[in-house]
Amino acid sequence: AKDFPGFVGTVVGDLFVLDAAEQTTLTAAIAGYNGYIAGKASAIGFAYYDPNVLFAAKRANGEIPGFPVFTAPTAAFGQLISLDGVHPAAAAHKLIANELIGVINAKYGTTLQPVS
């Protein structure tokens, strides 16, 4: 605790931070799960939607910043990601719902209306 003057206790380090190897392992596991789900949906004729495509596009155009914007404390990760930096915010849920509605309509010939 010499790095934290006045701290009483045990420093546990970066307990909640993934190192590069852990990030690689997690990314591979998630890709495996997503691939399995997409393959299973296709095999049984179900519609499939991957929201990661939407989020990648929003990240690429700057709507989802790579790092928190501390000058915007109520939207540090933009309007699409919640303040925890991980989960979709209400605006993203609407985008996902509307894209999913499009996939459902295309696959099953339905006429679900977009949410506003």
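The structure presented is a predicted model; accordingly, all values stated were derived computationally and were not measured.

Chemist: I would appreciate a short explanation of the overall build of the chain in the present structure.
Modeler: Helix and strand counts for the chain stand at three helices and zero strands. Ordered by position in the sequence, the α and β elements of the chain form the string α-α-α. Contacts in the chain between residues at least 24 apart in sequence constitute 26% of all its contacts with a sequence separation of at least 6. Total accessible area computed for the chain in this model is approximately 8700 Å², and 65% of it derives from carbon and sulfur atoms.

Chemist: When you look at the layout of surface pockets in this model, what are you seeing that I'm missing?
Modeler: Regions of empty space are outlined by a rolling probe, equal in size to a water molecule, passed over the atoms. When its volume is computed, the largest pocket comes out at roughly 800 Å³. In this structure, the largest pocket is lined by 25 residues; those nearest its centre are R59, I81, G85, V86 and H87. At the level of secondary structure, the elements contributing two or more residues to the lining of the largest pocket comprise helix 1 (20–43) and helix 2 (51–60). Element by element, the count of residues in the lining of the largest pocket is highest for helix 1, at six residues. Grouping the amino acids of the lining of the largest pocket by side-chain chemistry returns 17 nonpolar, seven polar and one charged.

Chemist: I tried to follow the nonpolar core on my own but got confused; where do I start?
Modeler: One recurring pattern in soluble globular proteins: nonpolar side chains tend to sit buried together. By size, the foremost hydrophobic cluster in this structure holds ten residues: Y49, L54, F55, I64, A76, F77, L80, I81, A92 and I96. When neighbours within four sequence positions are excluded, A92 is seen to be in contact with F55 and L80.

Chemist: What exactly am I supposed to notice about the pattern of salt bridges here?
Modeler: Working definition: two side chains of opposite charge can pair if their charged atoms are close together. The full count for this structure, using the stated rule, is one salt bridge. E63 is paired through a salt bridge with K58; the nearest N and O atoms lie 3.1 Å apart. According to the relative accessible area criterion, E63 is partly exposed, its value standing at 35%.

Chemist: Which parts of the structure should I look at to understand the packing of helix 2 against helix 3 (residues 90–108)?
Modeler: When two helices pack together, their arrangement is given by the angle between the helix axes and the distance between those axes. Running from N to C, helix 2 and helix 3 point in directions that differ by 130°, and their axes come no closer than 10 Å. Here helix 2 is positioned oblique relative to helix 3, judged by the angle of their axes. When you trace helix 2 past helix 3, the crossing you get is right-handed. For the pair helix 2 and helix 3, the contacting residues are P51, L54, F55 and K58 in the first and A92, L95, I96 and E99 in the second. Of the residues belonging to the contact of helix 2 with helix 3, the class tally is six nonpolar, no polar and two charged.

Chemist: In this structure, what is going on with a nonpolar patch on the surface? I would like to understand it.
Modeler: Together, L18, L26, I30, Y33, Y36, I37 and Y48 make up an exposed nonpolar region whose accessible area comes to about 710 Å². Within the secondary structure, L18 is located in the segment before helix 1. On the basis of relative accessibility, which here comes to 42%, the residue L18 falls in the partly exposed class.

Criteria and thresholds
Residues numbered from 1 in each chain as written. Predicted model: local features only at pLDDT ≥ 70, side-chain atom pairs only at ≥ 80, totals over all residues. Heavy atoms only, no water. Helix = DSSP H or I, 4+ residues; strand = E, 2+ residues; numbered from the N terminus. Contact = heavy atoms within 4.5 Å. Areas by Shrake-Rupley, 256 points an atom, 1.4 Å probe, with all protein chains shown as cover. 1 Å grid on protein atoms, 1.4 Å probe; cavity = no way out; pocket = protein on both sides within 12 Å on 5 of 7 lines; lining within 4 Å. Points joined across faces, edges and corners; volume = space filled by probe spheres on them. Nonpolar A, V, L, I, M, F, W, Y, C, P; charged D, E, K, R; others polar. Core = buried A, V, L, I, M, F, W, Y, C linked by side-chain atoms within 4.5 Å. Buried < 20%, exposed > 50% of the residue type's maximum accessible area, 1.4 Å probe, protein only. Salt bridge = Lys/Arg side-chain N within 4 Å of Asp/Glu carboxyl O. Axes fitted to C-alpha atoms, helices over the stretch in contact; angles between N-to-C directions. Parallel < 35°, antiparallel > 145°, perpendicular 65-115°, else oblique. Left-handed = near helix turned anticlockwise from the far one by under 90°. Patch = residues over 30% accessible without salt bridge, like charges linked within 9 Å, V, L, I, M, F, W, Y side chains within 5 Å.

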